[in-house]
Amino acid sequence: MLDDLLHQIHHCKVCEDFLPLGANPIVQADSKSKIVIIGQAPGLKAHQSNIPWNDASGDHLRKWLDVTKTQFYDPKLFALIPMGFCYPGKGKSGDLPPRKECAPLWHQRLLNEMPEIKLTLLIGRYAQAYYLREAKHKTITENVLCFESYLPYFFPLPHPSPRNFIWMNKNPWFSEHVLPELKNKIADIL
């Protein structure tokens, strides 16, 4: 049962010794979830507030999807499942990579409890590497450019971090072609 599974996840301490601020798994899911968003790991603001995507990246992502905060945080619409459920700490150029224990331990069990999923958004290289496996291209850019080849199940996206604005400026096709398709898919499902 999903409630029991979420309870187990929220109390998980598997990698606590490696987390600078301790274990604080952050996930949102419901048995009626329609769209799954698989990101990297909660950032510091998410860790402190217990709210996933509670930062500028989340604001950009909601704009990309053309949804309100109310829609985004409705678990019957969106399941928010990071590759690593806890804040991993800071690295030299941003947050550290997500812990590798979470996805193999929890993802499939969560997905099995959500039979109404229509689309899974794979945000960033960790989610794309894990879920696209042999079908992934060498770069995120290629994965996103070839998004149609992963439909109807997956929709790969770059991370919506303000740090990626340079990438978006170098790849205007993303805003011109990919985002309108993404918004249409989301609107059709919702």
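In case you missed it, the structure is sitting above this.
Because the structure is predicted, anything quoted here is derived from the model rather than measured.

Caption draft 1: Looking closely at the packing of helix H1 (residues 2-10) against helix H5 (residues 102-112). It is at 10 Å that the axes of H1 and H5 come closest, and there the two elements cross at 160 degrees. As judged from the angle between their axes, H1 and H5 are roughly antiparallel. Relative to H5, the crossing made by H1 is left-handed. Each of Leu2, Leu5, Leu6, Gln8 and Ile9 in H1 lies in contact with H5, whose residues at this interface are Trp106, Arg109 and Leu110. Of the residues contributing to the contact of H1 with H5, the split by class is six nonpolar, one polar and one charged.

Caption draft 2: Structural view of the packing of aromatic side chains. Within the structure shown, the criterion is met by eight aromatic pairs. Seen in terms of ring centroids, Trp64 and Phe174 are 5.0 Å apart; in terms of plane orientation they differ by 70 degrees. Their pairing is edge-to-face. Of this pair, Trp64 sits in helix H3 (residues 56-65) while Phe174 sits in helix H9 (residues 172-189), placing them 110 residues apart in sequence. Each of the two residues, Trp64 as well as Phe174, counts as buried. Between the aromatic rings of Phe72 and Tyr73, the centroid separation amounts to 5.1 Å while the plane-to-plane angle is 85 degrees, which identifies the pairing as edge-to-face. Accessibility expressed as a relative area gives 0% for Phe72, which makes it buried. On the basis of relative accessibility, which here comes to 23%, the residue Tyr73 falls in the partly exposed class.

How each quantity is defined
- Residues numbered from 1 in each chain as written.
- Predicted model: local features only at pLDDT ≥ 70, side-chain atom pairs only at ≥ 80, totals over all residues.
- Heavy atoms only, no water.
- Axes fitted to C-alpha atoms, helices over the stretch in contact; angles between N-to-C directions.
- Helix = DSSP H or I, 4+ residues; strand = E, 2+ residues; numbered from the N terminus.
- Parallel < 35°, antiparallel > 145°, perpendicular 65-115°, else oblique.
- Left-handed = near helix turned anticlockwise from the far one by under 90°.
- Contact = heavy atoms within 4.5 Å.
- Nonpolar A, V, L, I, M, F, W, Y, C, P; charged D, E, K, R; others polar.
- Phe/Tyr/Trp six-rings, centres within 6.5 Å; stacked < 30°, edge-to-face > 60°.
- Buried < 20%, exposed > 50% of the residue type's maximum accessible area, 1.4 Å probe, protein only.

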